[in-house]
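Now for the letters of each chain:
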Amino acid sequence: MTDMERPGDATDPTSPVALAGPGETMSGAPVTPTFALSKADRGGGGGRLAFNIGVTLVLLWVVIAITIPWWTPFDPVTDQDLQGRLAGPGGEHWFGTDNLGRDVFARVMYGARLSLPIALVTVAVSVAIGCLIGAVAGFLGGIADEVIMRISDIVLSFPAIVLALAIAAALGPSTTNVVISIAAVTWPEYTRLMRGQVLSIRNNLHVLAAQSIGCSRARVFRVHVLPFGLQPILVKATVDLGMVILLAAGLSFIGVGAVPPTPEWGAMVSEAQSRIDSWWLGLFPGLAILSMVLAFNFIGDAMRDRFDPQMRTQRGKGGGAMSRILRRTFLGRAGERAA
Amino acid sequence: MSTTPPLTTGAEPATQTPLGVKPIFEVDDLQVEFRTSAGVAKAVNHVGFSVAPGECLAIVGESGSGKTATLLAALRLLPTPPSRTTGGRVLVDGVDLFSLSRKELRDVLGRDISMVFQDSLSAFNPILTIGRQISEGVRRHRGLSKKAARALSIEMLERVGVPDPQQRVDQYPHQLSGGMRQRAMIAMALAGEPKVLIADEPTTALDVTVQAQILELVRSFQDLSIVWVSHDLGVVAGLADRVAVMYAGSIIEQGPVRDIFHDARHPYTRALLGSVPRLRDPERGDLVSIPGLPPSLVDLPPGCPFYARCGVREDRCLSRMPELVDVAPRHQAACFVAADEARTA
Amino acid sequence: MGLVRFAARRLLLALPTLLGLLVVAFVLANYLPGDPLARLLGDVGGSDPVARAAYEKEWGLDAPIYERFWVYLQHLVTGDMGQSTLTRRGVADDLLEFFPATVELALAAIVVAGVLGLVLGSVAAFYHNKWPDLVVRTIALVASGVPVFWLGIIGLQVFYLRFDVLPGPEGRLGRDFEPPTHITGLYTFDALVTGDFGTMWDAMRHLLLPAFVLGSFFLGLLARMTRASMLEVLRAPHLVTARSKGVSARTLLQYHILPNALIPTVTVLGLAIGGLLAGAVLTETVFSWPGIGRYAVDAAKALDYQAILGVTVLIGAVYVITNAVVDIVYAALDPRIRLGE
């Protein structure tokens, strides 16, 4: 798929006698020597289809998380059957049983009841704190801005999992502390994003216009800035839902997150480590994590392609797809400073 | 038409090519298609023109009319896919480019014919110095040493009027101003001493004063054959010997520059000239746009592509595309009505 | 020169970040719960007031936190990072012992991810929208969401349990091998230098799966980036210009395609170092790899605050410094960064 030459593309406003006025170009004529990359080529997942797959997967998990107690006969923690322990998949136990004879299928499905809320709450906390601080930094400017940005720089210069590990260890292993420790290392990314948005939007004409007619600062922010700043944040938050699930599972795997016998995916993979010949113990919770992360990635990618006007109009300029992936992957960490 | 041409025609276009001189650059019946998601777009349809030694031919048309595609396809520079050259012949000094191997083609490009592009920032490789890029084509063509190549780059920069060429030669494209960069690109195109220079809207991205300087520079190359692509009629009037007007992938009128500006025959050309704003004419202060849109190249009608927007259309225009016919000496138009008028005149 | 000034400025910028990092880690570690002294000094010493007082005095534990930080800084400058309650050794000694294992693993992972990522990404770009492209894109997609600890276990189940072609999670060497003479601490390198090829081979076999697992995320990332930047460069206007000059195919590839496409990719490769150190926390746990990642996990679980502090500072410092170095390398390669746009 080749992007069409946009109307007015070659019309130079400075040319005194330009032939083609806006809207006078021809559709269906890609005649410039460069050809804009299609969405799929920019590293995105393939547009609409990916988005639909992502949404379907997430919805499926949500439905499972809500309804699971009604359609599995097994309790993920208490239904132990030492006679039938470590049985392979098949028959009554679709995903087999673990070393206490618990139904792995039930445990994996119940895991969604843990991972989804953890992800949602963590991202919500991180977004709320990060955006608030970022907005303050962007609006106040001066020393406050400088101090806030230096602090967030420092937090960002720790690898997330190492810092989260230290915090989670300090607080003690529990699901709440997973939320706290991950939020504590991810907020600066939103701070940077929000500050950048505020700074760029603040100077937009419509904001200046609002200020010039005497709108209060608070009103300018609420009505004219916030809605515009939210789009990239929403995109990032979506992708981060997957990232948080990954990180939380990692913490639980190490042993500083959710503790057994909680049916948490990372903890389940950790248990599987000592029963490595029972492949079903680790395989299914891992696939659950993977499906969740990919689903949120798909949705986030599709949203980004929709929202990001820069991406849509980027033509032939170096670094379009690259910087997008960079930004996306390092999420405001190292990559942003290098780019 | 009662009004004079919009801008003075500059240097007297008296160097009109005598008939019968062998053209240095000739495009014959060129056809190019693009595969798009909407279908196959016929971007260039049976386009033919020729340029005599020392002559400047301007190709004008709206963006999307196929000017750039014609020239890139002629030099085999269009990416394939999505483009496909389905027919035609291109001769540079008698050599058919389409019959050459890739390697033989590279011997012709940059040596016999070279090209200047519109956006000088993206047309230069951002991570190589200006000097390197000016001479790299010639280094291969003439087997120059590094030192000789550098000397050549400096000389070329000097010739196109870049100040401090010794310093500029080691700088990177982003360090030059737009005007300087465009000069450097012209230096790059001329480094191989080509016979033909193709300039694809080289002044469009520049502001008016710089544009004038670049035009002055190009006018000073008297022996060079130039194909100048533009949608800017003012520039064309002051520069070209002949003008070819493209619409929807076809040349619909071509002739000497005076004829085109004073005695245009094709209704599209007339409409174009009518849409040029004139400072000195208070009656026509506004830019008059031509009502309607060009046809989609994916779904070209069998007849005249201008039919839908034409003021003098007739039923016969719907059935078949009119061919370019002489309407005046060395002046052709692709219009049934114009052809009839010429016959009865 | 532009580059020297750029480098100096960039390194200078890293200094305050390093200091801030130290502060954050220190404050954090100081709020770990529990009585570190009791654990550090053991059952007997913990209740011995004399020993407690002596230790408290050395590290200024009874002083306010900013004074303690000052004391810690003074110790740090001399290479003393305090005592680990877990290993009952100096933290600096621990780190010195475990760090090479992590470095070796991370380097191997970079090689795996770098080579495969660049090759796969280029292949995908050149076969754009054909089946190799689809395969690479699928791999890259999955790699971006796969939990490394899970991938490690699946890898072990396949290559160790099922096919028995690679060693199990037994660390850096098999039971029959002794570590080579310590030169750099990187077993493969040390064994190669000392001519101990049997050990080198065994070390490489032990390295392969962990390196692949650790590098998987960056493999996917690099493949995606290489593909995207290749595609971008292949359509870049400057390529048309170069071709219009009639340069040779080799010049085209060597000067106009590869450098432009690979500069950003190489940069990411550098940035990967920091990410790999972090990933080592999980990978090392799976493979019983005796590196600082596992040390960090053990220390965190034991609330060994000097050790956590030491590891965090080390990893953070490597992170900050590699980022600075990567920026400088990027500037060296791309004049637009070096000379300002």
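Residues numbered from 1 in each chain as written. Chains lettered and ligands numbered in written order. Predicted model: local features only at pLDDT ≥ 70, side-chain atom pairs only at ≥ 80, totals over all residues. Heavy atoms only, no water.

Colleague: For this particular structure, what's the right way to read the overall build of chain A?
Modeller: For chain A, the helix and strand inventory stands at 12 helices and zero strands. When the helices and strands of chain A are listed from N to C terminus, the series reads α-α-α-α-α-α-α-α-α-α-α-α. The buried share of chain A, taken over its 339 residues, is 58%. Once local pairs closer than 6 in sequence are excluded, the contacts in chain A between residues at least 24 apart make up 71%. (Helix = DSSP H or I, 4+ residues; strand = E, 2+ residues; numbered from the N terminus. Buried < 20%, exposed > 50% of the residue type's maximum accessible area, 1.4 Å probe, protein only. Contact = heavy atoms within 4.5 Å.)

Colleague: Hey, could you run me through the pattern of salt bridges in this one?
Modeller: Side chains that differ in sign of charge can pair as their charged atoms come close. Using the criterion set out here, one finds 30 salt bridges over all chains in the structure. B:E55 serves as the salt-bridge partner of B:R242, at 2.6 Å between the closest nitrogen and oxygen. Of this pair, B:R242 sits in strand β9 (residues 242–247) while B:E55 sits in the loop between β2 (39–51) and β3 (56–60), and the two are 187 residues apart along the sequence. The partner of C:R10 in a salt bridge is C:D327, and the shortest N-O contact between them spans 2.6 Å. With C:R10 in helix α1 (residues 2–30) and C:D327 in helix α13 (residues 305–333), this residue pair connects regions lying 317 residues apart in the sequence. (Salt bridge = Lys/Arg side-chain N within 4 Å of Asp/Glu carboxyl O.)

Colleague: What am I meant to see in unusual backbone geometry here?
Modeller: Negative phi values dominate among residues other than glycine, just as trans dominates among peptide bonds. Positive phi values are uncommon outside glycine, yet B:D29 reaches one of about 55°. Within the secondary structure, B:D29 sits in strand β1 (residues 25–36). According to the relative accessible area criterion, B:D29 is partly exposed, its value standing at 34%. Notably, C:S288 is not glycine yet its phi reads approximately 50°, a positive angle. Looking at the element boundaries, C:S288 is found in the loop between α11 (249–287) and α12 (292–301).

Colleague: Got a minute to help me understand a nonpolar patch on the surface in this structure?
Modeller: Residue and element names in this part refer to chain C. A surface patch of nonpolar side chains, about 680 Å² in accessible area, is lined by V111, V115, V119, V123, F126, Y127, L253 and L258. Among the elements that make up the nonpolar patch, the one with the highest residue count is helix α5 (residues 91–126) (five residues). The residue L253 is located in helix α11 in this model. (Patch = residues over 30% accessible without salt bridge, like charges linked within 9 Å, V, L, I, M, F, W, Y side chains within 5 Å. Areas by Shrake-Rupley, 256 points an atom, 1.4 Å probe, with all protein chains shown as cover.)

Colleague: For this particular structure, what's the right way to read the sheet that holds β9(B)?
Modeller: Across a sheet, strands are paired by hydrogen bonds formed along the backbone, either parallel or antiparallel in direction. Residue and element names in this part refer to chain B. Pairing in this open sheet of eight strands is mixed, and the strands run β6-β7-β8-β3-β9-β10-β12-β11 from one edge to the other. Of all the strands in the sheet, the pair left with one neighbour each is β6 (113–116) and β11 (325–328). Taken pair by pair, the neighbouring strands of this sheet meet at an average axis angle of 25°, ignoring direction. Of the pairings in the sheet, the one linking strand β10 (residues 250–256) to strand β12 (residues 331–333) comprises two bridges and is antiparallel in character. Looking across to β12, one finds that E253 is bridged to A333. Across the sheet, helix α11 (residues 267–274) is in contact with β9 and β10; its angle to β9 comes to roughly 100°. (Pairing = 2+ DSSP bridges. Axes fitted to C-alpha atoms, helices over the stretch in contact; angles between N-to-C directions.)

Colleague: Would you mind showing me how to read helix α7 (residues 178–190) of chain B here?
Modeller: Every α-helix carries 3.6 residues per turn, so stepping three or four residues along brings you back to the same face. All names here are of chain B. Here α7 is 13 residues long and its end C-alpha atoms lie 18 Å apart, about the 18 Å a rise of 1.5 Å per residue gives. Judged by how many residues are buried, α7 sits mostly within the fold: 12 of 13 residues are covered. Taken residue by residue, α7 has G179, M180, R181, Q182, R183, A184, M185, I186, A187, M188, A189 and L190 as its buried positions. (Expected span 1.5 Å × (residues − 1).)

Colleague: Looking at this model, I keep getting lost on the pairing of β11(B). Mind explaining?
Modeller: The two faces of the sheet receive side chains in turn, since in a regular strand these alternate between them. Residues and elements named next belong to chain B. Inspection of the sheet shows β11 paired to β12 by three bridges, in the antiparallel sense. Paired with A328 across the strands is H331, a residue of β12. Here β11 folds back onto β12 in antiparallel fashion, the turn holding two residues, of which R330 has a positive phi close to 55°.

Colleague: Honestly, the side chain of C:Q157 in this entry has me stumped. Any pointers?
Modeller: By the element assignment, C:Q157 lies in helix α7 (residues 148–162). Residue C:Q157 is classed as buried on the basis of its relative accessible area, which comes to 10%. Apart from the residues lying within four places of it in its own chain, the contact partners of C:Q157 are A:I276, A:S278, A:W279 and C:R162.

Colleague: Got a minute to help me understand the packing of helix α8 (residues 265–273) of chain A against α7(C) in this structure?
Modeller: The relative placement of two packed helices is expressed as an angle between their axes plus a distance between the axes. For the pair α8(A) and α7(C), the least separation of the axes is 10 Å and the interaxial angle reads 30°. Taken together, the axis directions place α8(A) and α7(C) in an arrangement best described as roughly parallel. As α8(A) runs across α7(C), the sense of the crossing is left-handed. Residue-level inspection shows A:G266, A:V269 and A:Q273 of α8(A) in contact with α7(C), the latter providing C:F149, C:W150 and C:I153. Taken together, the residues of the contact of α8(A) with α7(C) sort by class into four nonpolar, two polar and no charged. (Parallel < 35°, antiparallel > 145°, perpendicular 65-115°, else oblique. Left-handed = near helix turned anticlockwise from the far one by under 90°. Nonpolar A, V, L, I, M, F, W, Y, C, P; charged D, E, K, R; others polar.)

Colleague: Got a minute to help me understand the sheet that holds strand β4 (residues 83–92) of chain B in this structure?
Modeller: All names here are of chain B. On the basis of which strands lie adjacent, the open sheet formed by four strands has the order β2-β1-β4-β5 and antiparallel pairing. If you trace the sheet from one side to the other, it starts and ends with β2 and β5 (95–96), each paired once. Where β4 lies against β5, two bridges are found, and the strand directions are antiparallel. Residue pairing across strands places L91 opposite D96, the latter belonging to β5.

Colleague: Whenever I open this one, helix α6 (residues 131–143) of chain C confuses me. Can you help?
Modeller: Residue and element names in this part refer to chain C. For α6, which comprises 13 residues, the first-to-last C-alpha distance of 18 Å matches the rise-based estimate of 18 Å (1.5 Å per residue) to within 8%. The complete set of buried residues in α6 reads P132, D133, V136, A140 and A143. Taken down its axis, α6 places every buried residue within 100° of arc, on the same side. Looking at the buried positions of α6, the neighbouring elements they touch are α5 and α9 (197–234). (Arc of directions from axis to C-beta.)

Colleague: Can you help me understand the packing of helix α4 (residues 130–142) of chain B against helix α5 (residues 146–159) of chain B in this one?
Modeller: Residues and elements named next belong to chain B. Close contact between α4 and α5 brings their axes to 8 Å; oriented N to C, the two are set at 120°. Looking at the two axes, α4 sits oblique to α5. Seen along the crossing, α4 lies across α5 with a hand that is right-handed. On α5, the residues touching I130, G131, I134, S135, V138, R139 and R142 of α4 are K146, A149, L152, S153, M156 and L157. Here the residues of the contact of α4 with α5 sort into seven nonpolar, three polar and three charged.

Colleague: Is there a simple way to think about the packing of aromatic side chains in this case?
Modeller: Centre-to-centre distance and the angle between the planes together describe a pair of aromatic rings. Applying the stated criterion to the full structure yields 15 aromatic pairs over all chains. Between C:F26 and C:F69, the ring centres sit 5.2 Å apart and the planes meet at 65°, which makes this aromatic pair edge-to-face. Residue C:F26 is located in helix α1, and its partner C:F69 is located in helix α4 (residues 65–77); the two are separated by 43 residues in the primary sequence. A single burial state applies to C:F26 and to C:F69, both of which are buried. Above the face of the A:Y190 ring, A:K236 is positioned so that its terminal group lies 5.0 Å from the ring centre. Across the ring face of C:Y255, the terminal group of B:R132 is positioned such that the distance to the ring centre comes to 4.1 Å. (Phe/Tyr/Trp six-rings, centres within 6.5 Å; stacked < 30°, edge-to-face > 60°. Lys NZ or Arg CZ within 6 Å of the ring centre and 35° of its normal.)

Colleague: Could you clarify how one ought to interpret the confidence of the model for chain A in this entry?
Modeller: Interpretation of the predicted coordinates at a detailed level should be avoided for regions scoring low in pLDDT. Residues and elements named next belong to chain A. Scored by pLDDT, chain A has a mean of 73; 73% of the residues are at 70 or more. Confidence scores differ between elements of chain A, with helix α12 (residues 334–338) showing the lowest mean pLDDT of 31 and helix α2 (residues 104–140) the highest of 91. Under a pLDDT of 50 for its full length, residues 1–45 has, in the predicted model, 137 contacts with residues more than four places off or in other chains. Confidence drops under pLDDT 50 across residues 309–339; counting only partners more than four residues distant or on other chains, this segment forms 88 contacts. (pLDDT = per-residue confidence, 0-100.)

Colleague: What is the right way to look at the nonpolar core in this model?
Modeller: Residues A:W61, A:V108, A:L165, A:W265 and C:F149 are the most contacted members of the largest nonpolar core, which totals 125 residues. Counting residues per element, this core draws most heavily on α2(A), which supplies 16 residues. Every residue in contact with A:W265, bar those within four places of it in the chain, is listed here: A:W61, A:V108, A:G111, A:A112, A:S115, A:I245, A:P285, A:A288, A:I289 and A:M292. Counting 104 residues, the second-largest nonpolar core is a separate cluster that includes B:I113, B:M188, B:A248 and B:F261. (Core = buried A, V, L, I, M, F, W, Y, C linked by side-chain atoms within 4.5 Å.)

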